[in-house]
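Analysis of the macromolecular model
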Amino acid sequence: AYDYSDRIGRVEPSATLAISNLAAEKEAEGADIVDLSVGEPDFDTPENVVEAGKEALDAGHTGYTSSNGIAPLREAIAGKLRDDGIDASADEVIVTPGGKQALYETFQTLIGDGDEVVLLDPAWVSYEAMVKLAGGDLTRVDLASHGFQLEPALEDLAEAVSDDTELLVVNSPSNPTGAVFSEGALEGVRDLAVEHDLAVISDEIYERIVYDADHVSLASLDGMADRTVTVNGFSKAYSMTGWRLGYLHATEEFVGEAGKLHSHSVSCATNFVQRAGIEALENTDEAVEEMREAFADRRDLLVDLFEEHGVDVDVGDGAFYMMIPVGEPRADDADWCERAIEQAAVACVPGSAFNAPGFARISYAASEERLREAVDRLVANDLL
Ligand code: PLP
């Protein structure tokens, strides 16, 4: 029989995927579920990107590529990062099958047994799992009591980090809260990182989806260039979740180390997908703007609908998520989400999955009609 590793016993399957799978199962059985659990845009991939993928296939781009990714894509990524104020070159980039793989490789490269990693809660589900798989220990700083913002929590963060801290993870715009951290907050992170000589992962995968705020890339701040791993991907900005394309940027030395793991695991990201990625970076401004505007309208609609029913949301300025409080402070969010799907046929993710009990994460990557339907159903079932 199989004798499983200690490592695999440390983690559970992804809670967000578990809910989405349950919703999909119910739909397959014929149920009409409003699925607000998903972390993917509900738009088609822009047509010109699809065409670029097809053309690459027709041109025979079906073999392995160099492990870190094709040069023109790494050049395009470096150019995009320079636009964000990061002094990037193509040799400092690894192209990965999704941002998730870039994060996985980063944790494996930096974290060993007993190394301390600081997370800002609520935090995306997979950070914890990836830290545990690498053998690291978690220290957590709660932003829920600060309206999900980092700037008012900087003192708490200062107490949490020490010279023993190896790595801090920053995700702005945030999944699951939608919060966009202010420049002041990021400067606070920088000051602590420099003081304690920390490495920082900046997961900027929602960076193109921001509303009344500006996105600032952490690695563009003085003192951060040599200690930041910037992670990004194509899934959210260009509605390309199933294409599996992402990347990391860090120093050339880091890329040399992480590149070993990359070459011995995935070998490379899919060849024709990388070619479509160039088109996505270079020719999609209009499509991205259309999606951004649609998300902004949906966010505003949802906030109004929740407000009508007395639910006050600390709404963020980015991504396509919000965390709604589910009743009494720290009420049983898993129970609430179970009732939401079983009674109201509305799927959302319990805040506990993000270490934020008492909340449910709503994804508004759904049509306005479906969002209205969801709120109506929650109200009809006494869940709001
Ligand atoms: N980081 C965050 C915060 C996410 O929400 C996701 C996807 O849900 C990812 C990274 C990874 O996305 P992908 O692997 O599709 O690029």
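Right, let's walk through the structure included here. (Residues numbered from 1 in each chain as written. Predicted model: local features only at pLDDT ≥ 70, side-chain atom pairs only at ≥ 80, totals over all residues.)

1. What to know about the packing of helix H4 (residues 71-83) against helix H10 (residues 271-282)
Our working definition: Here, axes are lines fitted to C-alpha atoms. For helices the fit covers the stretch in contact, and angles between N-to-C directions go from 0 to 180 degrees. Helix and strand definitions follow DSSP, with helices as H or I runs of at least four residues and strands as E runs of at least two, each counted in order from the N terminus. Reported orientations rely on four angle classes, namely roughly parallel under 35 degrees, roughly antiparallel over 145, roughly perpendicular from 65 to 115, and oblique for the rest. Two helices that cross are described as forming a left-handed crossing if the nearer one is turned anticlockwise from the farther one by less than a right angle, and a right-handed crossing if clockwise. Once C-beta atoms have been placed from the backbone, residue pairs whose C-beta atoms lie within 7 Å are recorded as contacts. The classification used treats Ala, Val, Leu, Ile, Met, Phe, Trp, Tyr, Cys and Pro as nonpolar, Asp, Glu, Lys and Arg as charged, and all other residues, Gly among them, as polar.
Between H4 and H10, whose axes approach to 9 Å, the crossing angle comes to 25 degrees. In terms of orientation, H4 lies roughly parallel with respect to H10. For H4 against H10, the interelement crossing comes out left-handed. Facing H4, whose interface residues are Pro72, Leu73, Ala76, Ile77 and Lys80, H10 presents Gln274, Gly277, Ile278, Leu281 and Glu282. For the contact of H4 with H10, the per-class residue count stands at 6 nonpolar, 2 polar and 2 charged.

2. Considerations on the sheet that holds strand E12 (residues 359-363)
Just so we agree on the cut-off: In this description, strands pair whenever DSSP reports at least two bridges between them.
Taken in spatial order, the 3 strands of this open sheet run E9-E12-E11, and their pairing is antiparallel. Taken across any chain shown, the strands that pair with only one partner, and hence form the sheet edges, are strand E9 (321-325) and strand E11 (349-350). Two strands pair when backbone bridges link them, and E9 and E12 are joined in this way by 5 bridges, in the antiparallel orientation. By the bridge assignment for E12, tyrosine 321 is matched with serine 363.

3. Observations concerning helix H11 (residues 285-308)
Operational definition: Expected span of a helix: the number of residues minus one, times 1.5 Å. Buried residues are those with 20 or more other C-beta atoms within 10 Å of their own C-beta, exposed residues have 12 or fewer, and partly exposed residues lie in between; C-beta atoms are placed from the backbone.
Taking 1.5 Å per residue, 24 residues should reach 34 Å; H11 reaches 35 Å between its end C-alpha atoms and fits that length. Of the residues making up H11, those classed as buried are Ala287, Met291, Phe295, Arg299, Leu302 and Phe306. Check the buried side of H11 and you find it contacts E9, E12 and helix H13 (368-380).

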